Structure formats: structure tokens, C-alpha cells
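# Chains, contacts and geometry: an overview
Chain residues, written in single-letter form:
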There are 4 protein chains.
Amino acid sequence: MTATGPATLVEPRPQAATLAARPSAPRDASVAVVGAGDYIGGAICEKFAAEGYRVFGGRRGGEQLAPLKEKIEAAGGRFEGRSLDARQEGQVAEFIAWADADQPLEAVIFNVGANVNFPILETTERVFRKVWEMACQAGFFTGREAARRLIARGGGSIFFTGATASVRGGVGYAAFASAKAGLRAMAESMARELGPRNIHVAHLIIDAGVDTAFVRQRIVASQGEDALEFLAPDTLMNPASIANAYWMLHRQSRDGWTFELDLRPFAETW
Amino acid sequence: MTATGPATLVEPRPQAATLAARPSAPRDASVAVVGAGDYIGGAICEKFAAEGYRVFGGRRGGEQLAPLKEKIEAAGGRFEGRSLDARQEGQVAEFIAWADADQPLEAVIFNVGANVNFPILETTERVFRKVWEMACQAGFFTGREAARRLIARGGGSIFFTGATASVRGGVGYAAFASAKAGLRAMAESMARELGPRNIHVAHLIIDAGVDTAFVRQRIVASQGEDALEFLAPDTLMNPASIANAYWMLHRQSRDGWTFELDLRPFAETW
Amino acid sequence: MTATGPATLVEPRPQAATLAARPSAPRDASVAVVGAGDYIGGAICEKFAAEGYRVFGGRRGGEQLAPLKEKIEAAGGRFEGRSLDARQEGQVAEFIAWADADQPLEAVIFNVGANVNFPILETTERVFRKVWEMACQAGFFTGREAARRLIARGGGSIFFTGATASVRGGVGYAAFASAKAGLRAMAESMARELGPRNIHVAHLIIDAGVDTAFVRQRIVASQGEDALEFLAPDTLMNPASIANAYWMLHRQSRDGWTFELDLRPFAETW
Amino acid sequence: MTATGPATLVEPRPQAATLAARPSAPRDASVAVVGAGDYIGGAICEKFAAEGYRVFGGRRGGEQLAPLKEKIEAAGGRFEGRSLDARQEGQVAEFIAWADADQPLEAVIFNVGANVNFPILETTERVFRKVWEMACQAGFFTGREAARRLIARGGGSIFFTGATASVRGGVGYAAFASAKAGLRAMAESMARELGPRNIHVAHLIIDAGVDTAFVRQRIVASQGEDALEFLAPDTLMNPASIANAYWMLHRQSRDGWTFELDLRPFAETW
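Predicted model only: the values in this text are computed from it and were never measured.

## Side note on the relation of the copies chain D and chain C
- Mapping chain D onto chain C is achieved by rotating through 180 degrees and translating by 0.0 Å along the same axis, at an RMSD of 0.0 Å. Given the turn and translation reported, the copies of this chain are related as if by a two-fold rotation axis. Measuring from the rotation axis to each C-alpha of chain D, the shortest distance belongs to G182 of chain D, at 2.3 Å.
- Counting the interface residues of chain D, we find that 100% of their copies in chain C are interface residues as well, pointing to one common contact surface.

So this is what it looks like as C-alpha cells:
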């Protein structure tokens with residue numbers, strides 16, 4: 001503190017991106033990420049790899065996982081990716097088994113999205129069903145298969161990525177909110193049943209826009225070309241911060257497990 | 001009040017069963033009930049028929065609707081029933097259109113249930129999907145087709161029957177709670193979108209056992225043959241009370257609409 | 001339905017104002033309204049008086065109750081009013097006892113408001129405490145004294161008026177939301193404890209602006225003189241509609257009681 | 001994985017008690033704990049001291065803080081304690097100012113409890129008010145004074161300890177649930193207002209029994225002398241695990257802040 005006025009915080013709190021700077025020693029354990037997409041899913045893979053886990057990532061178009069694998073390995077981590085359509089029960093079971101084959105599986109994270117917005121009258125049977133298959137039923141497959149493996153291993157973590165729509169049915173979100181609320185209720189039921197079996201089930205509500213190319217395009221579309229230039233720092237969520245939240249959940253000792261937490265940027269209106 | 005102590009209530013509050021005693025004059029309007037089952041659904045049909053509406057009821061095994069039709073007609077009401085598999089989009093559209101054909105449709109009530117309980121590892125893809133198709137997707141079909149008709153008519157009511165599982169994922173209810181939470185979120189989204197179009201969407205949470213043969217059997221199974229004899233009055237919900245709640249919702253003036261209300265017996269532990 | 005297109009609703013749903021048109025026969029029972037203000041509280045008094053109850057209303061500045069008494073009596077009803085500072089435990093006990101003295105008390109409705117908005121740093125101890133005393137502690141006094149009387153009478157209703165702030169702590173509402181959330185939790189605890197004693201405790205969430213002079217002034221202040229002229233019908237809540245909701249709750253048979261319901265106009269954004 | 005069957009987790013997840021084993025380098029920043037009691041509050045003090053902060057703890061009967069000070073200092077940390085009646089606005093302001101005087105205040109944690117259970121008719125005005133003063137109004141004082149200081153410092157954390165009663169009004173908890181729900185709503189309002197000012201407000205729901213002498217006595221009282229002997233490990237929450245949760249919240253980068261999370265042991269029924 002100087003004589004001229006109150007100091008600001010001497011030591012800023014951690015930047016999300018730097019938290020995993022030092023790679024941990026390798027662990028004889030694996031983590032599976034269903035929905036290892038370019039942003040949140042990828043960041044989760046990076047984080048758990050940096051913490052020493054062998055990480056298995058699945059997504060549609062598995063060939064798009066090459067840069068992620070390269071990045072993780074360049075940082076000294078271990079990553080295996082493959083194509084995965086999480087709507088296919090058999091594919092999910094196989095994927096989880098693969099991640100559990102050579103070392104004990106310790107955490108499974110479900111991160112498949114399907115955000116769409118349609119007026120109710122324009123919401124087709126196809127859309128309603130497909131959104132549910134991706135955002136809810138795929139989560140059920142993932143959770144059940146993860147439970148099967150983790151029970152055999154004596155415990156572990158199963159985490160689900162939620163959104164604002166998980167707890168709010170906004171205009172135009174009949175399909176998406178329905179699927180996300182369904183995923184959340186399924187997760188809650190699993191948490192109550194599997195907690196006593198030493199499995200930590202949690203549901204993370206992302207209540208804001210994440211910093212992705214898609215969100216940035218939407219900002220430009222609604223506010224003009226200059227909007228990004230004037231975008232205040234930390235007003236979009238960094239995927240790495242979401243990954244950190246999962247890491248924190250996984251580190252909780254079992255006498256104090258969290259089922260649900262929300263995440264949003266400091267300046268968000270909610 | 002007598003001299004010997006405080007009186008009890010002079011005039012007991014209404015018995016559910018007697019509320020609709022006097023049949024109203026016929027109205028030139030119809031009500032459709034998707035899931036016109038033996039208890040709640042049937043009671044809803046009776047109530048709206050007693051209030052003067054021409055009621056259209058659909059259920060699987062439509063031939064089982066004969067006694068309901070007979071009962072309603074004996075009381076001076078009008079009822080048409082038919083077989084309906086609410087999981088079939090086309091059947092739902094046709095059913096709603098049928099109810100709207102000869103007089104304006106004014107209310108549509110979705111009352112399809114699918115209560116099952118399985119440990120998560122024993123919850124099959126088939127169960128998870130079927131429960132969702134019945135308890136959630138069928139509600140979406142019903143709501144959307146009802147909206148289509150009611151928008152054309154200038155307004156009306158769309159109501160959905162919920163349960164404890166709509167807001168709580170209990171042990172063993174991964175499939176059922178997921179579907180019911182999904183139905184509720186869908187209804188909430190519809191309520192926000194359709195309210196301004198003069199359509200009252202509501203969701204009724206039945207947070208207790210309803211007086212049905214099935215529930216009575218369960219009581220006997222868990223508490224013995226005598227349990228029913230000693231069952232205190234009003235500790236199970238009368239289907240007619242649920243029907244009355246729907247009627248009250250339908251009667252609300254549009255400056256003060258309810259989206260959600262819960263219902264449980266006075267002595268219920270919750 | 002005519003050949004030229006779909007008809008609109010033939011019989012519009014009831015106008016709030018006309019529901020109580022025919023006065024009921026007098027009942028040997030009374031209702032007490034704590035917070036018998038000019039709008040909601042007054043409307044509740046009118047409604048229950050129209051339904052045959054002898055109504056007792058209390059508010060600060062009891063002399064302002066004269067027009068209400070006149071209006072109710074002109075309509076054939078019975079009303080007694082007096083000054084009541086509901087923050088005073090003794091005054092509340094006395095008021096409830098007065099209402100219960102000559103005929104059995106059957107329902108007590110708490111309707112005291114204290115809506116204020118201050119930035120957190122400008123929220124004084126005095127404001128925080130006074131808002132709580134009015135919106136929460138007064139409700140506790142009312143509920144507890146009502147319970148005492150109604151238990152002796154064998155049952156009855158205790159209802160509390162809530163607001164959006166009951167379930168949402170918005171910016172500037174630290175004091176008001178805290179008090180309203182506190183009232184709601186107290187009501188929920190009472191509902192669970194008193195239900196089995198035949199007392200129906202309910203909490204009504206008014207999630208919108210009510211049609212009052214104050215709200216109309218605010219509309220003019222924010223949108224200009226003409227705003228009221230173009231105010232769409234039914235976009236503000238009619239106090240009579242709120243009174244009707246209380247009446248419906250009171251009429252519920254005890255095998256199916258509602259603890260909570262929300263109310264908002266059809267066109268409200270929420 | 002051995003040939004004889006699936007291995008259990010090779011590396012168990014961290015024990016709460018050992019997380020802060022290595023003391024961090026001292027930071028030029030302070031943390032204030034209002035309600036530095038023997039269990040949760042004390043553990044929070046220990047944790048933040050171990051992370052390098054100078055910790056200021058306040059409680060009634062400040063002389064009881066001597067062992068905590070000794071323990072923290074023996075571990076290489078810094079701690080200052082004093083008597084604090086958090087129901088006194090002036091004392092709270094002075095306490096927070098004291099903690100902020102010599103180095104910038106960075107986090108303030110409110111941890112005052114007041115758990116009581118009374119039937120509604122036996123809940124006196126005195127109990128209702130005192131519980132609120134301790135569990136809610138003291139939190140308001142703490143939050144507001146913390147905000148005042150942290151705004152001047154450019155940011156920081158304000159955390160509140162909640163309980164099951166924060167979100168559920170159970171039987172006999174009219175006073176406690178009312179106060180805790182009031183605290184939660186106040187915290188939510190603060191979070192929305194102060195987030196954009198770089199202040200992280202969070203509310204932690206402890207949904208289970210914490211491992212304290214009081215809870216152990218209750219277990220003996222209800223289940224007999226032997227109950228503790230057979231108490232399964234990790235079925236009571238370790239205060240250190242709660243402290244770890246606060247630490248994790250404080251470490252979140254501001255692009256992804258949590259407002260609320262729950263905590264309960266793995267085997268808890270909920």
C-alpha cells in the first residue's frame with residue numbers, strides 16, 4: 001500500500017491459461033473425454049494430460065484431433081484420440097473400455113453439445129430427437145458405461161457439462177433445454193446412487209458464452225466488426241477455466257464432494 | 001363457537017369429488033386429453049365435460065375408454081375417445097386436429113406417464129429411450145400440435161402433468177427423472193414463447209401418490225393386508241383434486257397466469 | 001368454426017373483476033388479512049367477503065380502510081378494519097385473536113410489502129433491518145399466531161404473498177430479496193410442520209408488476225406520458241386476479257394442497 | 001491392472017488434511033474470517049495462512065483463538081485473532097478495516113452459524129430475531145464492509161457459508177432456514193452487483209454433518225456409544241475439505257467464477 005491511495009491487489013489471481021504450466025509426473029491412470037471438441041473438450045484433455053493422466057478423447061471426425069494430440073505431446077503429455085459418435089451405445093461402451101484397458105480409468109467427462117434455437121412450431125421431430133440423442137442420451141450411455149468401469153476400479157469421477165439451458169427453458173430452446181435438463185436430472189440420479197459406491201458424479205453449469213470462434217462470430221454479427229476489438233478482457237469464458245473447474249472437482253476428497261457448480265465471467269449479467 | 005371450547009371448522013372445505021356436481025351448460029368448445037387413463041386422465045375428462053366442454057380423450061387401448069364415455073354421458077356430458085399412441089407424431093397431430101374440427105379447441109392436457117425405477121447399470125438403452133418417448137417426446141408432440149391449433153384459434157391452454165421426478169433425480173430414476181425434467185423444461189420454454197400469443201402453458205407437479213389401484217397394491221405389498229384399512233383419509237391424492245387444479249388453471253384470467261404449481265396431500269412428508 | 005376461417009374463442013375466459021359478482025351466503029367463519037393495502041390486500045378482503053366470510057383487515061393507518069369497508073358492505077359483505085403494525089408481535093397476536101373471537105377463523109393471509117432497491121454500499125443497517133421486520137418477521141408473527149388459532153379450530157389456511165425477489169436476488173435487492181427469501185423459507189418450514197395438522201400453508205409468487213398507482217407512475221416516468229394510453233390490456237396484474245388465486249388455494253381439498261404457485265401476465269417476459 | 005482382476009485406483013485422491021502440507025511463501029495480502037470457530041472457520045484460517053496470507057480471525061470469545069494462532073504459527077503461518085460480535089455493525093466494520101490496514105485485504109469469508117430447531121409455536125420472537133441477526137444480518141454487515149474495502153483495493157473475494165437450510169425449509173427450521181435463505185439471497189444480489197466490480201461473491205452449501213464434537217455427540221446420543229467406533233471413514237465432512245473448497249473458489253480466474261456449489265460426503269443420502 002502506498003501513501004497515495006489504496007493499492008490494487010499485489011498478486012493477481014491465476015490466469016486460467018497458466019495454471020497447468022508445469023507438467024506433473026505421469027500417473028498410471030487414464031481419463032476419458034467424450035466430446036473432445038476444439039474448445040472445452042480439448043481444454044479438458046490438455047489439463048488432465050498436464051496433470052499426468054493418459055487422456056483418451058473421442059469426437060465425431062476424429063481426424064480433427066491431430067492438432068490436439070500434437071499440442072499435448074509437445075507439452076510432454078499423453079493423448080489418444082479416435083472418432084466417436086456418442087449417440088451410438090456400442091461406440092461409447094467401446095471407447096470407455098479402450099480408455100480403461102491398459103491402466104485404470106479414473107475420470108470420465110461428458111462434453112457433447114447440441115445448442116440449437118427454434119420457435120416451437122418450427123421444432124421438428126428430427127431436431128427434438130437428435131438434440132436429445134446428443135445432449136442427453138449420449139450422456140446416459142457415457143455415464144452408465146463409466147459407472148460400470150469405475151465400480152470395478154473401486155471409484156472415480158463422472159462429470160457432465162451443463163449450460164444455462166440445464167436450469168432454464170428460454171424462448172426457442174424447447175429442444176435444447178429439454179435435453180439439457182434431462183441430462184442434469186440423469187446426472188443427479190446417478191450422483192445419489194453412485195456416491196456411496198465411491199463415484200463422484202458432478203454437473204457443471206456453464207452460464208455464459210465461452211471464448212470460441214462461433215461465439216466471436218456471433219458477436220461480430222450482432223455488434224459489428226469492431227466489437228471484438230473492444231471486447232473487455234475476461235468477459236468470455238476461457239475453455240481452460242472450465243477445465244480447471246473439472247480438475248478441482250476431481251481433486252475433491254470424498255468427504256466433501258460437489259454435485260453442482262455454476263461458472264460465469266465476472267462481468268456477466270445473470 | 002360453543003361455550004365448551006373452540007369449534008372446529010363449521011363448513012368443511014369442498015370434497016374433491018363433489019365440486020363438479022352440477023353440470024354446466026354445454027359450451028361450443030372442446031378439450032383434448034392426451035393420456036386419458038383410468039385415474040388422473042379420466043378425472044380430467046370428467047371435470048371438463050362436467051364444465052360443459054366436449055372432451056376428446058386418447059390413450060393406448062382406446063377400447064378401455066368405454067366406461068369413461070358411459071359415465072360422462074350418464075352425467076350429461078359429451079366425450080369422444082380413441083386409441084392414441086402419443087409417441088407417434090402423426091397420431092398426435094391427427095388427434096388434436098380431430099378435437100379441433102367441429103368446435104374450437106380450448107385446452108389440451110398432456111397426462112402420459114412412464115414411471116419406472118432401475119439401478120443405473122440395469123437401465124437399458126431401450127428403457128431410457130422408451131421412457132423419454134412416452135414422458136417427454138410425446139409431450140413435445142402434444143404441445144407443439146396444440147400450439148399450432150390454439151394460435152389459429154386465438155388462444156387457449158396447454159397443460160402438462162409433472163411429478164416429483166420433474167424436479168428431483170432420485171436413486172433409480174435416471175430414466176424417469178430425465179424424461180420428466182425434460183418435459184418440464186420444454187413446457188417452460190413453450191410458456192415463455194406462447195404466453196404473449198395468448199396461450200397459457202402450465203406444468204403441474206404431483207408430489208405424492210395418487211389414489212390408484214397400483215398405489216394401493218404397493219401399500220399392501222409393503223405394509224401388509226391391513227394397511228389399506230387403516231389408511232387415513234385424504235392421504236392419497238384423489239384424481240378429481242388434480243382435475244380441479246387443472247380447471248382452476250384454465251379459469252385464470254390472462255393477467256395472472258400460473259406456470260407451475262405443486263400438489264400433495266396434507267399429511268405428506270416432503 | 002365458420003367456412004371463412006378458424007374462429008377465435010367463443011367464450012372468453014373469465015375477467016378477474018367479475019368472478020365474485022354474485023355474493024355468496026354468509027358463512028359463520030372469518031378471514032384475517034394482514035396488510036390490507038389499497039391493491040392486493042384490499043382485493044383479497046373483497047374476494048373473501050364476497051364469498052361470505054366476515055373479513056378482518058389490518059394495515060398501518062387503519063383509517064384508510066374506510067373506503068374498503070364501504071365498498072365491501074355496499075356489496076353485501078362484512079368487513080372490520082383496524083390499524084395494525086405487523087412488526088409488533090403483540091399487535092399481530094391481538095389482531096388474529098380479534099378475528100377469531102366471534103366465529104372460527106378459517107384463513108389468514110399475509111400481504112405486507114417492503115420493496116426497496118439500494119446499491120449494496122448504500123444499504124444501511126436501518127433499511128436492511130426494517131425491510132426484514134416488515135417483509136419477514138411480521139410474516140413469522142402472523143404465521144405463528146395464525147397457526148396457534150387454527151390448530152385450536154381444527155385446521156384452516158395460512159397464505160403468504162411472495163414476489164420475484166422471493167426466488168431471485170437481483171441487483172440492488174440485497175435487503176428486499178433477503179427478506180422475501182426468508183419469508184418463503186419460513187413458510188415452507190411451516191407448511192411441512194403444519195400440513196399434518198390440517199393447516200394449508202401456501203406461498204404465492206407474484207412475478208410481475210401489479211396494476212397500482214405506483215406502478216403506473218413508474219411506467220410514465222420511464223416511458224413518457226403516453227405510455228399508459230398504449231398499455232396493452234392485461235399486461236399488468238389485476239389485484240382481483242391475485243385474490244382469485246388465494247381463493248382457489250383456499251378451496252383446495254386437503255388431499256391435494258399446493259404449497260407454491262407463481263403468477264404473471266400472459267405477455268410478461270420472464 | 002494385474003492379471004488377477006481390475007486394480008483399484010493406484011493413486012488415491014488427496015486427503016483433505018494434507019492438501020496444505022507445504023506452506024507457501026508469504027503474500028503481501030490478508031484474509032479475514034468472520035466466525036473463526038473451532039471447526040470450519042478455524043480450518044479456513046489454517047488453509048489461507050498455509051497459502052501465505054496473513055489471516056485475521058474474529059469470533060465471540062476471542063480468547064479461544066489462542067490455540068488456533070499457536071497452531072498456525074507453528075506451521076509457519078501468520079494469524080491475528082480478536083473477539084468479534086458480528087451482530088454489531090461497528091465491530092464488523094472495525095474488524096474488516098483492521099484486516100485491511102497493513103496490507104491489502106484479498107478475501108473475506110463469513111462463517112457464522114446459528115443452527116436451532118423449534119416447533120413453530122415454540123419459536124419465540126427472541127429466537128427468530130437472534131438467529132437472523134447472527135446468520136443473516138451479520139453476513140450483510142460482513143459482505144457490505146468487505147465490498148467497501150475490496151472495491152477500493154480493486155477486487156477480491158467474499159464468500160458465505162450456507163447449509164441445507166439455505167435451500168430447504170425443513171420441519172422445525174422456520175427460524176434457521178429463514179435466516180439462511182435470507183443470507184443466500186443477499187449473497188446472490190451482491191454477486192450480481194459486485195461481479196462487474198471485480199469482486200467474486202460465492203455461497204457454499206454444506207449439505208451434511210461436519211466432523212465436530214457436537215455432531216459426534218449427537219451420533220452417540222441417537223445411535224449409542226459404539227456408533228462412533230463403527231462410523232465409516234469420510235462419512236462426516238472434514239472442516240479442511242470445506243476450507244479447500246473456499247481456496248479453490250478464491251483461485252478461480254475471473255473469466256469463470258462460481259456463485260454456488262454444494263458439498264457433501266460421498267455416502268450421504270440426499
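## Focus on the environment of R216 of chain C
Residues and elements named next belong to chain C.
- Note on placement: R216 falls in helix α6 (residues 213-223).
- Each C-alpha atom, one on R216 and one on A227, is 9.1 Å from the other, the two residues being 11 residues apart in sequence.
- Setting aside chain neighbours within four positions, we find R216 in contact with D211, L228, L231 and L236.

## Side note on the interface of chain B and chain C
- In this assembly, 56 residues from chain B lie in contact with 56 residues from chain C.
- Of the roughly 5,000 Å² buried at the junction of chain B and chain C (both faces included), carbon and sulfur atoms supply 51%.
- Between the two partners, chain B and chain C, sit 2 salt bridges.
- Note that R254 of chain B and D234 of chain C form a salt bridge whose closest N and O atoms lie 2.7 Å from each other.
- Seen at the junction of chain B and chain C, the total is 20 residue pairs in polar contact (both at pLDDT 80 or more).
- Going through the elements one at a time, β4 (105-110), α4 (125-153), β5 (156-163), α5 (174-194), α7 (239-251) and β7 (260-263) of chain B are the ones with two or more residues in the side of chain B that touches chain C.
- Element by element, the count of residues in the side of chain B that touches chain C is highest for α7 of chain B, at 5 residues.
- Classifying every residue of the side of chain B that touches chain C by side-chain character gives 27 nonpolar, 14 polar and 15 charged.

## A look at the relation of the copies chain B and chain C
- Rotating chain B by 180 degrees about the axis while translating it 0.0 Å along that axis superimposes it on chain C, leaving an RMSD of 0.0 Å.
- In this assembly, 100% of the residues forming the interface of chain B have copies in chain C that are likewise at the interface, indicating an isologous arrangement.

## Let's talk about the packing of helix α1 (residues 40-50) of chain A against helix α2 (residues 66-74) of chain A
Residues and elements named next belong to chain A.
- Axis separation between α1 and α2 bottoms out at 10 Å; the angle between their running directions is 25 degrees. By the criterion of interaxial angle, the relationship of α1 to α2 is roughly parallel. Judged by the sense of rotation from one axis to the other, the crossing of α1 with α2 is right-handed. Seen from α1, the contacting residues are G42, C45, E46 and A49; seen from α2, they are L68, K71 and I72.
- Each residue belonging to the contact of α1 with α2 can be placed in one class, and the counts come to 4 nonpolar, 1 polar and 2 charged.

## As for helix α3 (residues 89-101) of chain D
Residues and elements named next belong to chain D.
- Between the first and last C-alpha of α3 there are 18 Å, a value that for 13 residues agrees with the 18 Å anticipated at 1.5 Å per step.
- Of the positions making up α3, those classed as buried are V92, F95, I96, A99 and D100. Each buried residue of α3 lies within a common arc of 130 degrees when the element is viewed along its axis, so the set occupies one face.
- In this structure, the buried side of α3 is in contact with β1 (30-34), β2 (54-59), β3 (78-83), β4 (105-110) and α4 (125-153).

## Some words on the interface of chain D and chain C
- At the junction of the two partners, chain D supplies 40 residues and chain C supplies 40 residues.
- Both sides together, the interface formed by chain D and chain C hides about 3,300 Å², and carbon and sulfur atoms give 62% of it.
- When the buried surface of chain D facing chain C is broken down by residue, I120, L121 and W132 of chain D rank first, second and third, together holding 19% of it.
- Between R129 of chain C and E133 of chain D there is a salt bridge, with its nearest N and O atoms 3.3 Å apart.
- Elements with a minimum of two residues in the side of chain D that touches chain C: α4 and α5 (174-194) of chain D.
- In terms of residues, the side of chain D that touches chain C owes the most to one element, α5 of chain D, which gives 14 residues.

## Quick word on the pairing of strand β1 (residues 30-34) of chain A
Residues and elements named next belong to chain A.
- In terms of burial, β1 is a largely internal element, 5 of the 5 residues being buried.
- In β1, alternate side chains face the same way, and those of S30, A32 and V34 on one face and V31 and V33 on the other are all buried.
- As paired strands, β1 and strand β2 (residues 54-59) are joined by 5 bridges and run parallel to one another. Considered in β2, the bridge of S30 is made with R54.
- Note on the crossover from β1 through α1 to β2: the handedness is right-handed.

## Details of the pattern of salt bridges
- Tallying each qualifying case throughout the model produces 86 salt bridges over all chains.
- Measuring nitrogen to oxygen at the nearest pair gives 3.2 Å for the salt bridge that ties R148 of chain C to E145 of chain C. Of this pair, R148 of chain C and E145 of chain C both sit in helix α4 (residues 125-153), 3 residues apart, roughly one helical turn.
- What emerges from the salt-bridge pattern is a single network uniting R54, K69, E73, E80 and D102 of chain A.

## Quick look at the packing of aromatic side chains
- Scanning the model with the defined rule gives 54 aromatic pairs over all chains in all.
- Relative to W247 of chain A, the ring of F48 of chain A lies with its centre 5.4 Å away and its plane at 80 degrees, an arrangement referred to as edge-to-face. One end of the pair, F48 of chain A, is in helix α1; the other, W247 of chain A, is in helix α7 (residues 239-251), with 199 residues separating them in the sequence. By the burial criterion, F48 of chain A is buried, and W247 of chain A matches it.
- Aromatic rings pair up to connect F128, W132, F140 and F141 of chain A together with F128, W132, F140 and F141 of chain B into one cluster.
- The ring of W270 of chain A has R264 of chain A sitting right over it, with the charged end atom 3.8 Å from the ring centre.
- Directly above the ring of W98 of chain D sits R82 of chain D, whose terminal nitrogen or CZ lies 3.9 Å from the centroid.

## Description of the nonpolar core
- Ranked by internal contacts, the top residues of the largest apolar core, which has 98 residues, are I158 of chain A together with I158 of chain B.
- When neighbours within four sequence positions are excluded, I158 of chain B is seen to be in contact with V108, G143, A146, A147, L150, M190, L194, I199, H200, V201 and A202 of chain B.
- Judged by nonpolar contacts, the second largest core, of 97 residues, contains I96 and F160 of chain C together with L84 and A114 of chain D.

Definitions and limits used
- Sequence order sets the numbering: in each chain, residues are counted from 1 along the sequence as written.
- Chains and ligands are labelled sequentially in the order written, the chains with letters from A and the ligands with numbers from 1.
- Since the coordinates come from a predicted model, pLDDT governs what is reported: local features require at least 70, and pairs of side-chain atoms require 80 or more to be given and counted, while whole-chain, interface and lining totals use all residues.
- Excluding hydrogens and water, the side-chain values take into account all heavy atoms of the structure.
- For this overlay, a least-squares fit was computed on C-alpha atoms, restricted to residues scoring pLDDT of at least 70 in both copies.
- Whether two residues are in contact is decided by their heavy atoms, any of which lying within 4.5 Å being enough.
- Under the scheme used here, helices are H or I runs from DSSP no shorter than 4 residues and strands are E runs no shorter than 2 residues, and both carry numbers assigned from the N terminus.
- Two parts placed together each lose some accessible area under a 1.4 Å probe, and the buried area is that loss summed for both.
- Salt bridges are defined by distance alone: a side-chain nitrogen of Lys or Arg within 4 Å of a carboxyl oxygen of Asp or Glu.
- Between N or O atoms, a polar contact is any pair within 3.5 Å; within protein, one atom must be a potential hydrogen donor and the other a potential acceptor, and residues adjacent in sequence are included only when both atoms are from side chains.
- Throughout this entry, Asp, Glu, Lys and Arg are counted as charged residues, while Ala, Val, Leu, Ile, Met, Phe, Trp, Tyr, Cys and Pro are counted as nonpolar. The remaining residues, Gly among them, count as polar.
- Helix axes are fitted to C-alpha atoms over the stretch in contact, other axes to C-alpha atoms as well, and angles between N-to-C directions run from 0 to 180 degrees.
- Comment on the angle field: the value is read as roughly parallel under 35 degrees, roughly antiparallel over 145, roughly perpendicular from 65 to 115, and oblique elsewhere.
- When the near helix sits turned anticlockwise from the far one by under a right angle, the crossing is termed left-handed; a clockwise turn instead gives a right-handed crossing.
- Helices are assigned an expected span. That span is 1.5 Å times one less than the residue count.
- Each residue is assigned to one of three classes by its accessible area relative to the maximum for its type, calculated with a 1.4 Å probe on protein chains only: buried under 20%, partly exposed between the two thresholds, exposed over 50%.
- Think of the arc as the fan of directions from the helix axis to the C-beta atoms.
- By definition, two strands form a pair when at least two bridges between them are found by DSSP.
- Here a crossover is taken to be right-handed if, once the strands point away from the viewer, the path from the first strand over the helix to the second is traced clockwise.
- Each aromatic pair joins two rings of Phe, Tyr and Trp (for Trp, the six-membered one) with centres within 6.5 Å, and gets the label stacked for planes under 30 degrees apart, edge-to-face for over 60, and tilted for any other angle.
- Charge-over-ring placement is defined geometrically: NZ (Lys) or CZ (Arg) within 6 Å of the ring centre, and within 35 degrees of the ring normal.
- Among buried residues, those of type Ala, Val, Leu, Ile, Met, Phe, Trp, Tyr and Cys that are joined through side-chain atoms within 4.5 Å constitute a nonpolar core.

Function cannot be inferred from these measures alone, as they are strictly geometric.
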